[in-house]
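Each chain, letter by letter, is given below.
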Amino acid sequence: MFALTNVTRDYPWGSTTAIAELLGTEPSGGPEAELWIGAHPDSPSIAATPEGPVPLDRLIAEHAESALGESVHAAFGAKLPFLTKLLAANQALSLQVHPTLERARERFADEEAAGVPRDAAHRNFKDDNHKPEMILALTPFEALCGFRPCAEAAELFRAVGAAIAATGAEVPELLGRVEMTLNSRMAAPAVVRKAFELLVQGGSATTELVELAAAALTGAAAAALSPSLLTVVELAKQYPGDSGVLVSILLNRVSLEPGQAIYLPAGNIHAYLNGLGLEVMASSDNVLRGGLTGKHVDVPELLETVDFAPSAVPVVPTRITDLGQKVWEPPFAEFALQRVEMSAGSNPVPLVQNGPMIVLAVSGSVLLDSPRGDMVLNRGGSVFVPAAENPVMVHPVVDGGADAVIFAVTVAA
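(A) Spotlight on the pattern of salt bridges. Within this structure, the stated rule accounts for 18 salt bridges. With its nearest N and O atoms 2.8 Å apart, the salt bridge here joins R103 to E301. Within this pair, whereas R103 is found in helix α5 (residues 101-113), its partner E301 is found in helix α12 (residues 299-305), the two being separated by 198 residues in sequence. Look at R103 and you get partly exposed, because its relative accessible area is 22%. The exposure class of E301 is buried, given its relative accessible area of 5%. Where R123 meets E111, a salt bridge forms, and the shortest distance between an N and an O atom there is 3.2 Å. Taken as a pair, R123 in the loop between α5 and β8 (133-137) and E111 in helix α5 lie far apart in primary sequence, 12 residues in all. The class for E111 is buried, based on a relative accessible area of 8%.

(B) Up close: the environment of N124. If you trace the backbone, N124 turns up in the loop between α5 and β8. Using a relative accessible area of 7% as the deciding quantity, one classes N124 as buried. Taking the C-alpha atoms as reference points, N124 and E334, separated by 210 residues in sequence, lie 22 Å from one another. Apart from the residues within four sequence positions on either side, N124 is in contact with E111, N286, V287, L288, H296, D298 and E301.

(C) Representation of the packing of helix α9 (residues 204-219) against helix α10 (residues 227-238) within the structure. α10 packs onto α9 with a crossing angle of 120 degrees between their chain directions and a minimal axis gap of 9 Å. In terms of axis orientation, α9 runs oblique to α10. In this structure, α9 meets α10 at a crossing whose hand is left-handed. Facing A214, L217 and T218 of α9, the residues of α10 in contact are L229, V232, V233 and A236. For the contact of α9 with α10, the per-class residue count stands at six nonpolar, one polar and no charged.

(D) How the structure looks around the packing of aromatic side chains. By the definition in use, this model includes seven aromatic pairs. Considering the side-chain rings of F141 and Y272, the 5.4 Å spacing of their centres and the 70 degrees angle between planes classify their relative orientation as edge-to-face. You can see F141 sitting in strand β9 (residues 141-147) and its partner Y272 sitting in strand β12 (residues 270-282), a full 131 residues away along the chain. Of the two residues examined, F141 and Y272, each falls in the buried class. Connected via pairs of aromatic rings, a cluster forms that spans F147, F196 and F308. Positioned above the aromatic ring of W36, the side-chain terminus of R9 is 4.0 Å from the ring centre.

(E) Main features of the sheet that holds strand β4 (residues 46-49). Strand order in the open sheet formed by nine strands is β5-β4-β1-β21-β18-β23-β16-β15-β14, with antiparallel pairing between adjacent strands. Strands with a single pairing partner mark the edges of an open sheet, and in this sheet they are β5 (52-55) and β14 (318-320). Sheet twist, expressed as the mean angle between neighbouring strand axes with direction ignored, is 30 degrees. Looking at chain direction, β14 and strand β15 (residues 326-328) are connected through three bridges and run antiparallel. Bridge pairing in β15 places I320 opposite K326.

(F) Molecular detail of helix α7 (residues 173-182). Among the residues making up α7, those that are buried are L174, L175, V178, E179, T181 and L182. Buried residues along α7 cover an arc of 160 degrees about the axis, so they all sit on one side. Residues of α7 that are exposed and point more than 90 degrees away from the buried face comprise E173 and M180. Against the buried residues of α7 lie α6 (150-166), α8 (188-200) and α9.

Thresholds, definitions, all that
- Residues numbered from 1 in each chain as written.
- Predicted model: local features only at pLDDT ≥ 70, side-chain atom pairs only at ≥ 80, totals over all residues.
- Heavy atoms only, no water.
- Salt bridge = Lys/Arg side-chain N within 4 Å of Asp/Glu carboxyl O.
- Helix = DSSP H or I, 4+ residues; strand = E, 2+ residues; numbered from the N terminus.
- Buried < 20%, exposed > 50% of the residue type's maximum accessible area, 1.4 Å probe, protein only.
- Contact = heavy atoms within 4.5 Å.
- Axes fitted to C-alpha atoms, helices over the stretch in contact; angles between N-to-C directions.
- Parallel < 35°, antiparallel > 145°, perpendicular 65-115°, else oblique.
- Left-handed = near helix turned anticlockwise from the far one by under 90°.
- Nonpolar A, V, L, I, M, F, W, Y, C, P; charged D, E, K, R; others polar.
- Phe/Tyr/Trp six-rings, centres within 6.5 Å; stacked < 30°, edge-to-face > 60°.
- Lys NZ or Arg CZ within 6 Å of the ring centre and 35° of its normal.
- Pairing = 2+ DSSP bridges.
- Arc of directions from axis to C-beta.

Rendered as structure tokens:
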């Protein structure tokens, strides 16, 4: 087992306190948006080895068979298939979507062949992998996720028009075109795509509509507004004039309580609004943005990547094993997540492990015991467990402190 030192990303949308409060660390004083725990080459964790600190991606590449196990190595190559993050949003992240594996490979190769620098602001594909992901709420967590039914979206846009009209302003033509599109008899994906295109390609007309809608809804009684229209008001404050403010009306508005999780397959357009969560994904940084951002938005690429079919919110079911592990298993090959809680009198619990594993402690202390050694893991600590160290038993550490809570990520069975 290898203790890890992890990289914090200081994106401006991040909370200054949430991650530090969870892990019992000292805040940096600036935004702490994401803590990356894994082996992505952009920000690999550093593993403490007997020979000294080593980037986790290099450690795995040099000892792939023992680190990953034969089956995981054969399926995913000499790299950790998953990436774990703590994500702390103090304001909305960009509206975004992730590509399929096939599209990621094709378009990454295209950009490589074209000589586009990997750190270029206009580059779309940072690697050749897809990025299916899951977010588990650790606090109340708000998000937008996938497209709502067309009739619901049409009703919300109608309410926006009524609010604008109530101010005495003229309702912009663009709003009428969006509403008419949503009420059309085309197949639902075609309807949603057309409405989406009208908003993201509307230029100054979209900016004007965002400003009018925000002003009208801000002046309305908050109690009379639905959560989706209140979201328009909040997003307009954070991203004035941005088309994503109105695109949010097309999307499902999601409120998660701690312990609830949703998964985001390729093509699902989404945005995290606020809250602290544990995010697990395939090891990739491929993000196509569609709004709520000052970064590059490639509209043609976006339109080819988004799945425009309305869908229910993709909730991850939870199951409790006979031994008490709480398990989340989204429909992805790269990862599954489990939670173990222990008190001083708890019996040892084996972790569900399939190949390599990342373990993070968010409360108390535990002893991790494997056939090759053991390690005490305290609050805020994380560890990489190679496949060769299986099984791992979790024992409570009796120190008079808080109950222990750990999360462990491994490859899906």
